[in-house]
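Tertiary structure, described
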There are 2 protein chains.
Amino acid sequence: MTLYANRPAVQALQPSLIRKLSNSAIGRTDVIPLWFGEPDKPTPEFIRQAAKDAIDEGQTFYQPNLGIIELRLALANYMNGLYDVRLSAENIAVTPSGMSALALALQCIVAQGDTVVAPSPVWPNLPAAAEILGATIARVPIRPSCGKWQLDLDELFAACAPNTSALLINSPNNPTGWMLDDAEQQMIIDFCRERELWLIADEVYNRIVYDREYAPSFVDKLTEDDKYLIINSFSKSWAMTGWRLGWLTAPKSLISTLEIVAEFNYSCIFAPVQIAGITALEQGEAFVRQSVARYRTALAAVESCFSGLPRVEFPAPRAAFYAFFSVDGVDDSYAFAEKVLQESGVGLAPGAAFGPEGEGYLRLCFAAEAPLIERALSKLLPLLS
Amino acid sequence: MTLYANRPAVQALQPSLIRKLSNSAIGRTDVIPLWFGEPDKPTPEFIRQAAKDAIDEGQTFYQPNLGIIELRLALANYMNGLYDVRLSAENIAVTPSGMSALALALQCIVAQGDTVVAPSPVWPNLPAAAEILGATIARVPIRPSCGKWQLDLDELFAACAPNTSALLINSPNNPTGWMLDDAEQQMIIDFCRERELWLIADEVYNRIVYDREYAPSFVDKLTEDDKYLIINSFSKSWAMTGWRLGWLTAPKSLISTLEIVAEFNYSCIFAPVQIAGITALEQGEAFVRQSVARYRTALAAVESCFSGLPRVEFPAPRAAFYAFFSVDGVDDSYAFAEKVLQESGVGLAPGAAFGPEGEGYLRLCFAAEAPLIERALSKLLPLLS
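Residues numbered from 1 in each chain as written. Chains lettered and ligands numbered in written order. Predicted model: local features only at pLDDT ≥ 70, side-chain atom pairs only at ≥ 80, totals over all residues. Heavy atoms only, no water.

With that settled, consider the side chain of Glu203 of chain A. Residue and element names in this part refer to chain A. Mapped onto the elements of the fold, Glu203 is located in the loop between β7 (198–202) and β8 (228–233). Among buried Asp, Glu, Lys and Arg side chains, Glu203 stands out as unpaired, with Lys221 the closest opposite charge at 7.2 Å. For Glu203, the side chain forms a polar contact with the side chain of Ser217, separated by 2.6 Å. (Helix = DSSP H or I, 4+ residues; strand = E, 2+ residues; numbered from the N terminus. Buried < 20%, exposed > 50% of the residue type's maximum accessible area, 1.4 Å probe, protein only. Lys, Arg positive; Asp, Glu negative; His and termini not counted. Salt bridge = Lys/Arg side-chain N within 4 Å of Asp/Glu carboxyl O. Polar contact = N/O pair within 3.5 Å; in protein donor to acceptor, adjacent residues only side chain to side chain.)

With that settled, consider helix α3 (residues 45–56) of chain A. Taking 1.5 Å per residue, 12 residues should reach 16 Å; α3 of chain A reaches 16 Å between its end C-alpha atoms and fits that length. On its buried side, α3 of chain A packs onto α10 (271–283) of chain A together with α3 (45–56) of chain B. Of the residues trailing α3 of chain A, Gly58 of chain A is marked for its positive phi of about 80 degrees. (Expected span 1.5 Å × (residues − 1). Contact = heavy atoms within 4.5 Å.)

What follows covers the relation of the copies chain B and chain A. With an RMSD of 0.0 Å, the operation that places chain B on chain A is a rotation of 180 degrees combined with a shift of 0.0 Å along the axis. With respect to symmetry, the two chain copies, as superposed, fit the operation of a two-fold axis. Within chain B, the C-alpha atom positioned nearest to the axis of rotation is that of Lys52 of chain B, 2.8 Å from it. When the interface residues of chain B are mapped onto chain A, 99% of them again fall at the interface, so both copies present the same face. (Least-squares fit on C-alpha atoms with pLDDT ≥ 70 in both.)

Our focus in this paragraph is the interface of chain B and chain A. With 76 residues of chain B at the contact, the number on the chain A side is 75 residues. Both sides of the chain B and chain A interface together cover about 6,200 Å² of buried area, and 58% of this is carbon and sulfur. The partner of Arg19 of chain A in a salt bridge is Glu263 of chain B, and the shortest N-O contact between them spans 3.7 Å. Our enumeration of links across chain B and chain A arrives at 27 residue pairs in polar contact (both at pLDDT 80 or more). When contributions to the side of chain B that touches chain A are tallied by element, the ones reaching two or more residues are α3, α5 (98–109), α6 (125–131) and α9 (255–263) of chain B. Ranked by residue count, the leading element in the side of chain B that touches chain A is α5 of chain B, at seven residues. (Buried area = accessible area lost by both parts, 1.4 Å probe.)

On the surface, a cluster of negative charge is made up of Asp331, Asp332, Glu338 and Glu359 of chain A. Turning to its location among the elements, Asp332 of chain A is positioned in the loop between β11 (322–327) and α12 (333–344). (Patch = residues over 30% accessible without salt bridge, like charges linked within 9 Å, V, L, I, M, F, W, Y side chains within 5 Å. Areas by Shrake-Rupley, 256 points an atom, 1.4 Å probe, with all protein chains shown as cover. Charge placed at Lys NZ, Arg CZ, Asp CG, Glu CD.)

So, about the packing of α12 of chain A against helix α13 (residues 370–384) of chain A. All names here are of chain A. The interhelical angle for the contact between α12 and α13, taken along N-to-C directions, is 125 degrees, at an axis separation of 10 Å. By the angle between their axes, α12 is oblique relative to α13. Considering how the two elements wind past one another, α12 and α13 form a crossing that is right-handed. Facing α12, whose interface residues are Phe336, Lys339, Val340, Glu343 and Ser344, α13 presents Lys379, Leu380, Leu383 and Leu384. Residue composition of the contact of α12 with α13, grouped by class: five nonpolar, one polar and three charged. (Axes fitted to C-alpha atoms, helices over the stretch in contact; angles between N-to-C directions. Parallel < 35°, antiparallel > 145°, perpendicular 65-115°, else oblique. Left-handed = near helix turned anticlockwise from the far one by under 90°. Nonpolar A, V, L, I, M, F, W, Y, C, P; charged D, E, K, R; others polar.)

Residues and elements named next belong to chain B. Of all five residues making up strand β7 (residues 198–202), five are buried, and the element is well covered by its neighbours. Both strand β6 (residues 164–170) and β7 contribute to a ladder of five bridges, which runs parallel. Among the inter-strand pairings, Leu167 is bridged to a residue of β7, identified as Leu199. Once the chain exits β6 it traverses helix α8 (residues 182–195) before rejoining the sheet at β7, and the crossover so formed is right-handed. With four bridges connecting them, β7 and strand β8 (residues 228–233) associate as parallel partners. (Pairing = 2+ DSSP bridges. Right-handed = clockwise from strand over helix to strand, strands pointing away.)

Right, here's the structure in full:
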């Protein structure tokens, strides 16, 4: 007998197309895997050492739901240093991943029957985490225009219906590298205030930016009276994907709700992981800069290769570490990614994984050494020419 | 402006009375804290070493949603060794805590408007995790009778209504130490089969048992055709509360659903924590036995003290590490726990934290060295005499 989840919202969830494709390559040792959104190197040694020291000290007991106060303070200081804002620890909830931060935020805000408006293509977990709560996603396309990704704000605002409870915005965007500028963020906040909508912003790529030092953030345009939740994570900036450490920034008056919801989802986070996070914040700036420089070199290799391929359209990413490109004649991205995997051994993510707006595209993660990216590109060349 | 969560189910959640009381003692250094459900000692060194080795090896990348295969296999082997059952890795989903296992199980099964039937008093997170999904809890009392905690199964079955989707049973029970026997478990399974109800069993205390070696489990009475999810955790058996590592046992056909729901809740678990879990399973049996012996000694101290106090009624726990006792004349457990804290410096959990059925009771965690428990008891004596 096959058993099914009782809940229709859960029955309707689709497994990741990226994972489906990568599962098909299990056991193959010749694959260059550029399908996941993960830096190629382990977490820096000084961050790992901090976790080991905490384990040695016996920090193996329960911790507060919202995170240890030292990390919440360090995060407030970090955000205050990066942006023109004065957050305190009471604005911060530490979470066991950016994904958990997103799930927690949505559990507070989004009810069955709500609509959530989200620019797309987008990391599939964003819409899915709202759908799991019984919400419907209204997708607003991010489109390439004159070699740049663009979101039409009028279209975004027009998508908001009476049953819309939140805007869910991922900027810098995975997979496109699209990024809101400050003026656009202000317009979105004004709209949310007028319509009393929640703003849920996923800013996990805010340190991986190529045309300035850090991405514009909603955080320095919001007040304690605004309905907002900002998601961030240690994963991308400090190469800590596997550690499962993220945080929410929120108005102080919402923190006691987050504390209760955290208790009934995961309760708390391993102290050594949190202490590693403090070390990343306090000693990790050089690593962040070196990483971005490394990704910029890899991006240049992609741009140089793709610019010589007339079939490839590649709107340049301003941020994140993905090349999201289309290939003339390709309208089934999963089938093409499968063909690419079989014929070249390069693992790309199919654009359809990021919503219907991503169909026809492929995502290549270039968070790796330039020589590896160049080797992958040379293997891809016959398929893209 | 004070902001509130949009969702009524979240607005209705109450913060923990245990946490409320313990927060009132922050800064006090003279308190003997017996209010939380946590062993007094850090995780054994050999388990901590395994995590540090994995960190040294650079195991800092994303992991599979369901846990690393080595841990899933180790868990299947562990369960097969303990019970008369033949699980495989496809029956196991590793989760970032028992709490997460519970949240994940309920997300699959419990929809808005459902009723979930649960014996009570019970760990407050069990009902709350269902309530957060919009479900209603029907509590069936576990009562003291002839010095023992008892659940009337006819009463349990009578509480199941047409909109009941699941039985949610915590045996061995926190806070009472009540435990189902094998025959009772079989009757519950028969009833669930007949009524096509899901059985969600929280068995996290299955190794902390005083009248036999391990607690009866539903697992060896269920088949691949049964609708069940069993929650377990490394927290209590191996003193790993802070690590956040648990697991679900489920029919194989449900595992792909759990995989997707895990992806959209927390995605995966830090590999060094999982490797520590393997080490606990493979090398931790002596530690489990020593711990139970230690708790038995502490329990004997409690029993010896309470048996001489006519005002105290203390039905003996068969399992877990809590003394759940009533005091003649006490009908407001929070007020009394506050008084106990102020006058004796001993931190007890108020029984009301575990549901209305717990009112009038207090919970003392005796997962500590006997001399500490004896010191706490001597401080409590004037208040209980």
